[in-house]
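Chains, contacts and geometry: an overview
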Amino acid sequence: MPVILNIDTSTSVCSVALCNDGHCVMHREDYQGRNHATVLSLYIQDALAEAKDKQMPVDAIAVSIGPGSYTGLRIGLSEAKGLAYALKLIRFRH
């Protein structure tokens, strides 16, 4: 089963989870309101560190797409897209 990094910024709760073989390996949640831009990168760093420590390369990134705050969705999707390029999960075809 793949290792999936899950991101949810669609509501007032910001959360990140790392799952392997259908089981949650780690998760972080923030219930302090809409400060996703402040905590999301830190949570993702924690998840990637956990994946590295357990030698689990991330195979995919899953992002919630709503319904929800436009700004929250934009934050989550932008972070996921940049990360997908950095982790080479998106490949260019010419």
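Residues numbered from 1 in each chain as written. Predicted model: local features only at pLDDT ≥ 70, side-chain atom pairs only at ≥ 80, totals over all residues. Heavy atoms only, no water.

Structural notes on the environment of I7
Condition: Only DSSP runs of H or I covering at least 4 residues are called helices, and only runs of E covering at least 2 are called strands; the numbering of each starts at the N terminus. Two residues qualify as a contact provided that any one of their heavy atoms is within 4.5 Å of a heavy atom in the partner residue.
Mapped onto the fold, I7 is located in strand β1 (residues 3-8). Along the sequence, I7 and Q55 sit 48 residues apart, while their C-alpha atoms lie 20 Å from each other. Setting aside anything within four residues of it in sequence, one finds I7 in contact with S15, L40, I44, I61, A62, V63, S64, G76 and A80.

So, the nonpolar core
Test applied: Only buried residues count toward a nonpolar core. Its members are Ala, Val, Leu, Ile, Met, Phe, Trp, Tyr and Cys residues joined through side-chain atoms within 4.5 Å. Each residue gets one of three labels from its accessible area relative to the maximum for its type: buried under 20%, exposed over 50%, partly exposed in between, using a 1.4 Å probe on protein chains only.
With 17 residues, the main nonpolar core has L5, V16, L18, L40, I44, A47 and V58 as its most contacted residues. Elements represented by at least two residues in this core include exactly β1, β2 (14-20), α1 (36-53) and α2 (70-86). With six residues, the single largest contributor to this core is α1. Ignoring any residue separated from it by four or fewer positions in sequence, one finds I44 in contact with L5, I7, V16, E79 and L83.

Considerations on the pairing of β2
Within a regular beta strand, the side chains point alternately toward one face of the sheet and then the other, so they alternate between its two faces. So the rule is basically this: Whether two strands pair depends on DSSP finding at least two bridges between them.
β2 sits mainly inside the fold: five of its seven residues count as buried. Here six bridges tie β1 to β2, and the two strands are oriented antiparallel to one another. Each residue of the ladder has a partner; that of V3, found in β2, is N20. Between β1 and β2, which pair antiparallel one after the other, the connecting turn spans five residues. Pairing analysis gives seven bridges linking β2 to strand β3 (residues 23-30), with the strands arranged antiparallel. The residue of β3 that forms the bridge with A17 is H27. Once β2 ends, the chain turns through two residues before running back antiparallel as β3, passing D21 with a positive phi of about 55°.

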